[in-house]
Amino acid sequence: MIEDAAELRGKINDFSIVQWLSNTPYPYDLGDAISFINRSNQSIKDSTAYNLVIEIEGEIAGGVGLFDVNEVGGELGFWIASKFWKRGIATEASKAMLGCGVRQLELKTIKASFKEGNKASKKVLKKLGFISVNQKLEEKMVNSFNEVFISISIFFCKGFPSLSVTVPEIDCANKEDVISNDAVSYTHLTLPTTPYV
């Protein structure tokens, strides 16, 4: 549905979000959203990435995914619409995504990174049980200006953390369950509506 692309564009076209993301244009237009959804669906077919939209009460609250997936590992990524900040949504959605990676895809390592100054993402990764194994400064050209990142490579070594709330299982192994039939529809992960702690 084109509504997914339009809503995605509306939620992510916010500099307070984009400033913390890699490889995301700003301003973010409808074409960017459609292109991202199409690439996401193709990546699921190719088993190289699993990007899902986080939905709460029928509204897009953000996105979560595993990307750069190979036979051994992958990388976790997430973003949350500003309206939904400080509710623990990134943590719970990431737990569900990690469950898919560890249990279904049988990944041995999952890493993550965050941009320098992004205290919220750092906090989420610590809650999820990630430990830092490498830190490096990386400079990239983003949105026509240089930005400096701290890239934290993470080794996920102590097993999957217990869930603090019930979240849906994601069957990443069954591609028909996660690929949208509509080329511009984004696969949804629906989370409970109660506030998180």
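These numbers were taken from a predicted model, which means no experiment stands behind them.

> Sorry, what's going on with the nonpolar core here?
A general trend in soluble globular proteins is that nonpolar side chains are found buried together. Within the largest apolar cluster, 39 residues are counted, with the highest numbers of intra-cluster contacts made by V64, L76, W79, M97 and L125. Per-element accounting of this core gives the leading share, six residues, to helix α4 (residues 89-104). With near-sequence residues (within four places) excluded, L125 lies in contact with L76, F78, A112, F114 and F130.

> Just checking my understanding: could you explain the packing of aromatic side chains for this structure?
Note on aromatic pairs: each is described by the distance of the centres and the angle between the planes. Counted according to the given criterion, the structure contains one aromatic pair. The interplanar angle of 65° and the centroid separation of 5.5 Å between the aromatic rings of F15 and Y26 together place this pair among those described as edge-to-face. Taken together, the positions of F15 in helix α2 (residues 15-18) and Y26 in the loop between α2 and α3 (30-46) put the pair 11 residues apart, joining distant regions of the chain. When its relative accessible area of 37% is taken as the criterion, Y26 is described as partly exposed.

> Honestly, the confidence of the model for the protein chain in this entry has me stumped. Any pointers?
As a general rule, the predicted coordinates of low-pLDDT regions are not to be interpreted in detail. Considering every residue of the protein chain, the mean pLDDT works out to 74; 65% of them sit at 70 or more. Taken as a whole, residues 152-168 scores under 50 in pLDDT and shows 50 contacts with residues more than four places along the chain or in a different chain. Note on residues 192-197: pLDDT under 50 across the span, and 13 contacts to partners over four residues away in sequence or across chains.

Parameters at a glance
Residues numbered from 1 in each chain as written. Predicted model: local features only at pLDDT ≥ 70, side-chain atom pairs only at ≥ 80, totals over all residues. Heavy atoms only, no water. Core = buried A, V, L, I, M, F, W, Y, C linked by side-chain atoms within 4.5 Å. Buried < 20%, exposed > 50% of the residue type's maximum accessible area, 1.4 Å probe, protein only. Helix = DSSP H or I, 4+ residues; strand = E, 2+ residues; numbered from the N terminus. Contact = heavy atoms within 4.5 Å. Phe/Tyr/Trp six-rings, centres within 6.5 Å; stacked < 30°, edge-to-face > 60°. pLDDT = per-residue confidence, 0-100.

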